[in-house]
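Now for the letters of each chain:
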Amino acid sequence: MKRIHLFEFEDQSWFPNWLRMLMTRYIVAIHKLLGSADELASLIAKTLPYSESPKIIDMCSGGGGPMPEVVQILKEKHGVTDLSLNLSDLYPNTDVATEINSQRDSDITYLTEPIDATNLPEKYKGIRTMICSMHHMKPDLAKSILKDAKDARQPICVFEISDNSFPPVWLWWLPIPINIITTLFITPMVRPMNWKQIVFTYLIPLLPIFIAWDGAVSNSRTYTLEDMDVLLEGLHSEDYTWEKGVIKGKSKKLYLLGLPVKN
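Model, not experiment: these values are computed from the prediction.

Peer 1: Describe the overall build of the chain, listing the residues and the values that go with them.
Peer 2: A count of helices and strands for the chain gives 9 helices and 7 strands. Expressed along its principal axes, the backbone C-alpha trace of the chain runs to roughly 60 × 50 × 35 Å. Relative to all contacts within the chain whose residues are 6 or more apart in sequence, the contacts with residues 24 or more apart total 74%. Surface exposure of the chain reaches about 12,800 Å², of which carbon and sulfur atoms provide 59%. Side chains of the chain give 27 positive and 31 negative charges; the mean places of these two sets differ by 2 Å.

Peer 1: Before we move on, can you summarise the sheet that holds strand β3 (residues 108–110) with the specific residues and values?
Peer 2: Paired through backbone hydrogen bonds, the strands of a sheet run either parallel or antiparallel to each other. Here we have 7 strands laid out as an open sheet, ordered β3-β2-β1-β4-β5-β7-β6, and mixed in their pairing. Since the sheet does not close on itself, it has two edges, and those belong to β3 and β6 (240–248), each with one partner. Across the sheet, the mean angle from the axis of one strand to that of its neighbour is 20°, orientation sign disregarded. Looking at chain direction, strand β5 (residues 156–160) and strand β7 (residues 252–260) are connected through 5 bridges and run antiparallel. Counted as the bridge partner of valine 158 is leucine 256 from β7. Of the strands in this sheet, β2 (84–87) and β3 touch helix α4 (residues 94–101), which is tilted by about 150° from β3.

Peer 1: Break down the layout of surface pockets for me, citing the residues and quoting the values.
Peer 2: For the second largest pocket, the calculated volume is near 700 Å³. Around the second largest pocket, the lining comprises 30 residues; the ones closest to its centre are Gly63, Val96, Glu99, Ile100 and Pro192. Residue assignment for the lining of the second largest pocket shows that the elements contributing at least two residues are α1 (17–34), α3 (67–77) and α4. When residues of the lining of the second largest pocket are assigned to their parent elements, the largest contribution, 8 residues, is made by α1. Among the residues making up the lining of the second largest pocket, the classes are represented as 11 nonpolar, 9 polar and 10 charged.

Peer 1: Tell me about the packing of helix α7 (residues 195–203) against helix α8 (residues 206–221), residues and numbers included.
Peer 2: At a closest axis distance of 5 Å, the pairing of α7 and α8 adopts a crossing angle of 80°. It follows from the interaxial angle that α7 and α8 lie roughly perpendicular. Here Gln197, Phe200 and Thr201 of α7 lie close against α8, whose contacting residues are Leu206, Leu207 and Pro208. Residues belonging to the contact of α7 with α8 are distributed by class as follows: 4 nonpolar, 2 polar and no charged.

Peer 1: So what's going on with a nonpolar patch on the surface? Which residues, and what values?
Peer 2: Among the surface-exposed residues, Ile181, Leu184, Phe185, Met193, Ile198, Tyr202, Leu203 and Ile204 lie close enough to one another that they form a single nonpolar patch of about 780 Å² accessible area. Taken together, the elements giving at least two residues each to the nonpolar patch come down to α6 (175–186) and α7. What makes phenylalanine 185 exposed here is its relative accessible area of 62%.

Peer 1: Would you mind going over the pattern of salt bridges in detail, with residue names and values included?
Peer 2: Going through the model one piece at a time under the given rule, you end up with 12 salt bridges. When the shortest N-O distance is used, the salt bridge between arginine 128 and aspartate 148 registers 2.7 Å. With arginine 128 in strand β4 (residues 127–131) and aspartate 148 in helix α5 (residues 139–151), this pair connects stretches of sequence that are 20 residues apart. Aspartate 148 carries the same exposure label as arginine 128, and that label is buried. A single salt-bridge network, built from bridges that share partners, covers Glu8, Asp11 and Arg221.

Peer 1: Let's hear about the nonpolar core: which residues, and what values?
Peer 2: Grouped together as the largest cluster of nonpolar side chains are 48 residues, with contacts concentrated most on Ile44, Ile56, Met67, Val70 and Leu74. Considering every element that reaches this core, the biggest residue donor is α1, with 8 residues. In contact with isoleucine 44, not counting residues within four places along its chain, are Ile56, Met67, Val70, Leu74, Ile127 and Thr129.

Here is what the cut-offs are and how they apply
The residue count restarts for each chain, going from 1 along the sequence in the order it is written. Whole-chain, interface and lining totals are the exception, using all residues; otherwise, since this is a predicted model, local features are given only for residues with pLDDT of at least 70 and side-chain atom pairs are given and counted only at 80 or more. As a rule here, side-chain values come from all non-hydrogen atoms in the structure, and water together with hydrogens is ignored. Strands are runs of DSSP state E lasting at least 2 residues, helices are runs of H or I lasting at least 4, and numbering of each runs from the N terminus. Note on contacts: a residue pair is in contact if any heavy atoms of the two residues lie within 4.5 Å. Note on areas: Shrake-Rupley with a 1.4 Å probe; residue coverage comes only from the protein chains shown. Residues counted as positive are Lys and Arg, residues counted as negative are Asp and Glu, and His and the chain ends are not counted. All charge positions are set by atom: Lys at NZ, Arg at CZ, Asp at CG, Glu at CD. Paired strands are those between which DSSP finds at least two bridges. For helices, the fitted line uses only the C-alpha atoms of the stretch in contact; every axis is such a line through C-alpha atoms, and the angle between N-to-C directions lies from 0 to 180 degrees. Lining residues are defined by having an atom within 4 Å of a point belonging to a cavity or pocket. Those points lie on a 1 Å grid over the protein atoms alone, cavities being sets where a 1.4 Å probe fits but cannot get out and pockets being open sets with protein on both sides within 12 Å along at least five of seven lines. Grid points are joined across faces, edges and corners, and a volume is the space filled by probe spheres set on the points. The residue classification treats Ala, Val, Leu, Ile, Met, Phe, Trp, Tyr, Cys and Pro as nonpolar and Asp, Glu, Lys and Arg as charged. All others, Gly included, are polar. Throughout this description, any angle smaller than 35 degrees is read as roughly parallel, any larger than 145 degrees as roughly antiparallel, any in the 65 to 115 degree range as roughly perpendicular, and the remainder as oblique. For patch detection, residues must exceed 30% relative accessible area and be free of salt bridges, and they are connected within 9 Å for like charges or within 5 Å for nonpolar side chains (Val, Leu, Ile, Met, Phe, Trp, Tyr). By definition here, a salt bridge exists when the distance from a side-chain nitrogen of Lys or Arg to a carboxyl oxygen of Asp or Glu is within 4 Å. Buried, partly exposed and exposed residues are distinguished by accessible area as a fraction of the type maximum, computed with a 1.4 Å probe on protein chains only: under 20%, between the cut-offs, and over 50%, respectively. Definition used in this section: a nonpolar core is a set of buried Ala, Val, Leu, Ile, Met, Phe, Trp, Tyr and Cys residues joined via side-chain atoms within 4.5 Å.

Set out below in C-alpha cells:
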C-alpha cells in the first residue's frame, strides 16, 4: 500500500474536545467550498435503490460533517421524499447530539450510544456512510468495516476529499505551509462562528497548526484506488459488488460503493 499511518491530533483521546469541535466546523466549511454535499447526494441517490430501508447510517460522524446538507439536497434536488439520517460515532459528540436531537420534526438524529463501525447492530438497516473517516482506520479496521457491510448485505458509501496521489510518499509534509495559509482565508466561512474560532486562528494560531498538520497527514493516510483493491481482497462475491472511482470537481475525491445484488 502507498498509504502510511501517521499521527493525527484529532485521533488522540487527550486532545481537547473544544479544539476538535472547532476543527470539525472548519472541515464542514471545506466541504461546502468543495461542493461535497452535491457530489455525495448523487452517490447516495445511486445507492438508495439497493437499500431495503430508506435510511442512512452515517458512521464516525464526529461533529456531523456534510451529511445533514446531503439529506436536504436528496429531498430537494433528487426527489427523495422518505429518508432519514442517523449520525453515529464510537465516541458520540454529546454537544452536537443534544443540539441535533432537540430539533422537532426532524428526520435527522444523532445516536447517543457508541456505534462500532466494524460491528453495526443488526437493527440499523440502510446505507452506511463513511465520510472522510476511512483514512483514520488502519487496514485491518478498514477491511472489517467493509466486511461487516457485506456480511449484513447493506450498502456502504466511502467518500474521501483528501488526496494521496502526490508522489513520492516521503514528501507528504509539503502541504503543511499551504494548509496554514489556506486556514486563514477559509476560517471566515465557518458557521456557526464564535470567538474561539477567531482567537485560536488569528491571535493564538493553534488551529492553523493543527489543521495544517492533520490535513497533510490525512493525505498520506488516504487509501488510493489501488489500496482499496488490497482492502477488498476476499470480499468479492456474486451477491455483493464493489464500485470505486474518482470524482473530478473542484478537487479530486475518491469513493467506494458496496452494493448488495438484488435477488
